[in-house]
Amino acid sequence: MRLIRFVVLHAGACPRPRVGLLDQVNKKVIDLSSALFSKYGKLSSMRDFLSLGQEGINSAKSLLNSHDFRFNVNDVKLLSPIVNSDKVICIGMNYVDHCTEQNVPIPTEPIIFSKFASTIIGSGDPIYHSKEMTELDFEVELVVVIGKPGRHIPKEKAMEHVAGFTVAHDVSERFWQLKKNGGQWLLGKTFDNFCPLGPSIVSLDEIKDPHNLSLRCIVNGQVMQDSNTSQLVFKTEELIAWISQFCTLLPGDIILTGTPPGVGCFRKPPVFLKPGDVVTCEIEKIGSITNPIVSLPSKSK
């Protein structure tokens, strides 16, 4: 199952974002917000839908055999599958080959940092390059989307709390991440539009092994990162068990699981993004997102 957010492109259509289900076989989008309204009321966000739990998932699956509430895929625009997450949790140094690239020890515990939810955008949206940025970098990442709340979740039950997986571009400004702010990573990770997500949330029944997926980052047609999630130091179950020691995970929370080698700052010479560049992040069995780098428009006085 592939969960999405979308808007309808028809002239005169309501412009509000809707929660949907992507039917890849028939190239249709099922409007869950409309189809499930009579049963659950207004579903204005993916968080609303995920909060329905397994009952909501079952209701969505039952619509795959219906011909109602459907749009052709060409008649909609996909948005980021989730916005306004309560928590955007990120994992640093979580690929063996990324640690090797930097000649640093492999972590013995997950390295946790965060982004603000205001960083989240969809595929096709601009990543803004502002005057404060001198070292704008790229990172492709597998994202875990939480579907069931929990605290102190044991590793053996962690996957019961996962709604699915999606793709992220963990955009990073290395000057502000590594050279300013006392070494705290937050500022360099949380400029507006620094977390493109998409194209959909792919459920576990379509991804048998999330820890054996190829992933790549492509800049202007050139492959810059090319690895496999088998290189993850801490897998999904370990991350959920670790993080849930400290906070309650809620439906719609997302965990960016780390990036493989090839990022711009460790290249010789370094490679940083500039206006006019186009970045594609892709993961096997999930899909790809593409975003342009655009100069931040100056504010009118």
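Residues numbered from 1 in each chain as written. Predicted model: local features only at pLDDT ≥ 70, side-chain atom pairs only at ≥ 80, totals over all residues. Heavy atoms only, no water.

Ordered in space as β9-β19-β18-β15-β16, the five strands form an open sheet in which the pairing is mixed. A single partner strand is all that each edge strand has here, and the edge strands are β9 (127–129) and β16 (222–228). Each neighbouring strand pair of the sheet contributes to a mean axis angle of 15 degrees, computed without reference to strand direction. Across five bridges, strand β15 (residues 214–219) lies against strand β18 (residues 278–283) in antiparallel orientation. Its bridge partner lying in β18, Cys217 is registered against Cys281. (Pairing = 2+ DSSP bridges. Helix = DSSP H or I, 4+ residues; strand = E, 2+ residues; numbered from the N terminus. Axes fitted to C-alpha atoms, helices over the stretch in contact; angles between N-to-C directions.)

Tallied over the entire structure, the rule returns zero disulfides. Sulfur of Cys99: no disulfide; nearest cysteine sulfur belongs to Cys265 and is 13 Å away. (Disulfide = S-S within 2.5 Å.)

On to the pairing of strand β19 (residues 287–295), then. With three bridges connecting them, β9 and β19 associate as parallel partners. Within β19, the residue paired with Ile127 across the bridge is Ile293. The pairing of β18 with β19 spans six bridges and is antiparallel. Pairing of Glu282 across the sheet is with Ser288, part of β19. As consecutive antiparallel partners, β18 and β19 are separated by three residues, and within that stretch Lys285 has a phi angle of approximately 70 degrees, a positive value.

The next subject is unusual backbone geometry. Looking along the chain, the bond that leaves Gly198 and enters Pro199 is cis, with omega of -5 degrees. Considering the arrangement of structural elements, one finds Pro199 in strand β14 (residues 195–202). Of note, the bond from Lys268 into Pro269 is cis; its omega dihedral lies within 30 degrees of zero at 0 degrees. As for its placement among the helices and strands, Pro269 is situated in the loop between β17 (254–256) and β18. Not every positive phi belongs to a glycine, and Lys27 is a case in point at roughly 55 degrees. Of note, Lys27 is situated in the loop between β2 (18–23) and β3 (28–31). Within the chain, Asn220 stands out as a residue other than glycine whose phi angle is a positive 55 degrees. One can find Asn220 in the loop between β15 and β16.

Scanning all chains against the criterion turns up 15 salt bridges. Taking the shortest distance from any N to any O, the salt bridge between Lys189 and Glu139 comes out at 3.2 Å. Residue Lys189 is found in helix α7 (residues 186–189), and its partner Glu139 is found in the loop between β10 (136–137) and β11 (140–146); the two are separated by 50 residues along the sequence. Each member of the pair, Lys189 as well as Glu139, carries the same accessibility label: buried. Between Glu282 and Arg216 there is a salt bridge whose closest N-O contact spans 2.7 Å. Remark: Arg216 occurs in strand β15 and Glu282 occurs in strand β18; sequence separation between them is 66 residues. (Salt bridge = Lys/Arg side-chain N within 4 Å of Asp/Glu carboxyl O. Buried < 20%, exposed > 50% of the residue type's maximum accessible area, 1.4 Å probe, protein only.)

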